[in-house]
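Residues per chain, in single letters:
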Amino acid sequence: MFTPEILSRFDLNGPRYTSYPTADRLHGAIARDRVFEALNGVAGGAFSLYVHIPFCRSLCYYCACNKIVTKQPDAASRFLTLLEREIDLLGERIGGARLPQMALGGGTPNFLTIDEQRRLIGLVDRYFVRPLDREQSIELDPRFLSEDDVRALAELGYNRVSFGVQDFDRDVQRLIHRHQSFAQTANACRWAREAGITAISFDFVYGLPLQSRATLATTLERALSLEPDRIAIFNYAHIPERFKAQRRIPAESLPSIELRTEMFLYASERLADAGYVAIGLDHFAKPGDSLARAAADGSLRRNFQGYSTHGGLDLVGIGPSAISDVGGVLWQNAPQMDVYAERLEAGELPLVRGRIRSAEDRLRADVIERIMCHGKVDWAQIEARQGCDPRVALASEIESLAAFAAIGVVSYDDDGFRVTPQGRLLLRAVAMVFDAYRNMPREAPITYSRIA
Ligand code: SF4
């Protein structure tokens, strides 16, 4: 295990590299015609659709997502009218395209009533084709879910659900303001399986107030008793100066960096014992799950939705703050609902920032994605894909790996390098070595549609 000195030497809260350049490097000078050109490239083809539903019924204090906490019953219906305009604008350019993957995230996608969910799917079906073998996923908050809801969602074609849990411990839940009983989560799982949704994921967070190895152990045992196919254990980043709700979490209740490390290592061991395969930064999956199979055959990719088995597809994100990545052009919609609405009412796509990947960006993106997905990099494979020798173009970065090798985080030779099992904790720090923008000033702080 790494010493506290080693751990504090590296930025454990570095970028999660769901893209490279990272979303905080998008700028306001994106040319709309380049976005249109990129979209025209997927016409008649296939893409992955992400829909950001920004509403939540209750505020979780740890949250860093872009959301609007509201109890207004007509908020979603007004939003769907805007979403309809956005889908119409997209449909004009890429109507007829197939959706092998579609995901609803938030916020809380089940803020929408079932009638509103039907309306949304109707809008999608107006322009796009959902093939029979698609992956259609939705993030669900078990606190606001009924058996009828789950059955109706299955009828609307959802075949993968992700339940936010965070922690089952009551004291932890009190401090993060997310009261969710074990029964609520267990019922949600049972209803999903009874409705024919067999792919179930749980999201947990470690590093929350009052968490300890003991609380995490209890939470994990309870989670395992429900046999999810995938488990993600995200590291909580306490940045109260950026995320206002986090100011309500007393800093003194947070576990130390050593304790957080111990918790993650414990979870990794326990989940390995239970038969789960470790994937990338913080995911675990049963060996038969599509994510584990993609990790095993080398096809696992990373995009704004997180780890993906369809990462080779262009990704179009709709809704406020959603990010798209199409043909090497990245763009983000306005995170603020009023700006998002204004743009759409003016008949424009609501994007406000973007970036076009350069050849150097593509080279670095390839290396960083291999690190984040597979924990290993083969220089010859990168050269074959990118048409330039990374051993020359990235010579000084490769030299910097010596510092990581000295403390057992990576092992390397002339052909490439791999991150050691214990080095997984420092995966982001290794990826950061290849990030040319890491020390450059940012144009504006980013608002994320979700943490992936
Ligand atoms: S954690 Fe999820 S449910 Fe809680 S406020 Fe954030 S987006 Fe909403």
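Bear in mind that the values here come from a model prediction, so they are computed numbers and not experimental data.

### Focus on the sheet that holds strand 17 (residues 376-378)
Strand order in this open sheet of three strands is 17-19-18, and the pairing throughout is antiparallel. In this open sheet, the two strands that pair with only one neighbour each are strand 17 and strand 18 (410-413). Put simply, the sheet's adjacent strands are angled 10° from each other on average, direction ignored. Both strand 17 and strand 19 (residues 416-419) contribute to a ladder of three bridges, which runs antiparallel.

### Topic: the domain arrangement of the protein chain
Frequently, the measure chosen for interface size is the accessible area that the parts lose on association. Annotation of the protein chain at the domain level lists domain 1 (22-316) and domain 2 (359-432). Just the C-alpha atoms count here: the centres of domain 1 and domain 2 sit 28 Å apart. Each partner contributes to the interface: domain 1 provides 10 residues, whereas domain 2 provides eight residues. Within the residue set of the side of domain 1 that touches domain 2, elements represented by two or more residues are helix 9 (257-273) and strand 11 (301-303). Split into classes, the residues belonging to the side of domain 1 that touches domain 2 amount to five nonpolar, three polar and two charged.

### Focus on the packing of helix 12 (residues 359-374) against helix 13 (residues 379-386)
Remark: helix 12 packs on helix 13, axes separated minimally by 10 Å, with the N-to-C direction vectors making an angle of 145°. Between helix 12 and helix 13 the crossing geometry is right-handed. Only I382, R385 and Q386 of helix 13 make contact with helix 12, whose side of the interface consists of R362, L363, D366 and V367. Looking at the contact of helix 12 with helix 13, its residues break down into three nonpolar, one polar and three charged.

### Describing the site of the ligand
Around the ligand, a shell composed of C56, L59, C60, C63, C65, K67, G106, G107, T108, D141 and G164 is seen. Each residue belonging to the shell around the ligand can be placed in one class, and the counts come to five nonpolar, four polar and two charged.

### Structural notes on the nonpolar core
Membership of the largest hydrophobic core comes to 121 residues, with the highest contact counts inside it found for A192, Y206, I231, I368, I371, V430 and A431. Looking at this core, you find at least three residues from each of domain 1 (22-316) and domain 2 (359-432). If sequence neighbours within four positions are ignored, I231 has contacts with F202, F204, A223, L271, Y276 and F284.

### Quick look at unusual backbone geometry
Of note, the amide linkage connecting Y20 to P21 takes the cis form, showing an omega dihedral of -5°. Locating P21 in the fold gives a position in the loop between helix 1 (4-9) and helix 2 (32-40). In the segment running from G106 into G107, the intervening peptide bond is cis, with an omega of 25°. Positive phi, normally seen in glycine, also occurs at Y17, with a value near 50°.

About the thresholds
Residues numbered from 1 in each chain as written. Predicted model: local features only at pLDDT ≥ 70, side-chain atom pairs only at ≥ 80, totals over all residues. Pairing = 2+ DSSP bridges. Helix = DSSP H or I, 4+ residues; strand = E, 2+ residues; numbered from the N terminus. Axes fitted to C-alpha atoms, helices over the stretch in contact; angles between N-to-C directions. Domains from an automatic or database assignment. Contact = placed C-beta atoms within 7 Å. Nonpolar A, V, L, I, M, F, W, Y, C, P; charged D, E, K, R; others polar. Left-handed = near helix turned anticlockwise from the far one by under 90°. Near = placed C-beta within 6 Å. Core = buried A, V, L, I, M, F, W, Y, C linked by C-beta atoms within 7 Å. Buried ≥ 20, exposed ≤ 12 C-beta atoms within 10 Å, placed from the backbone.

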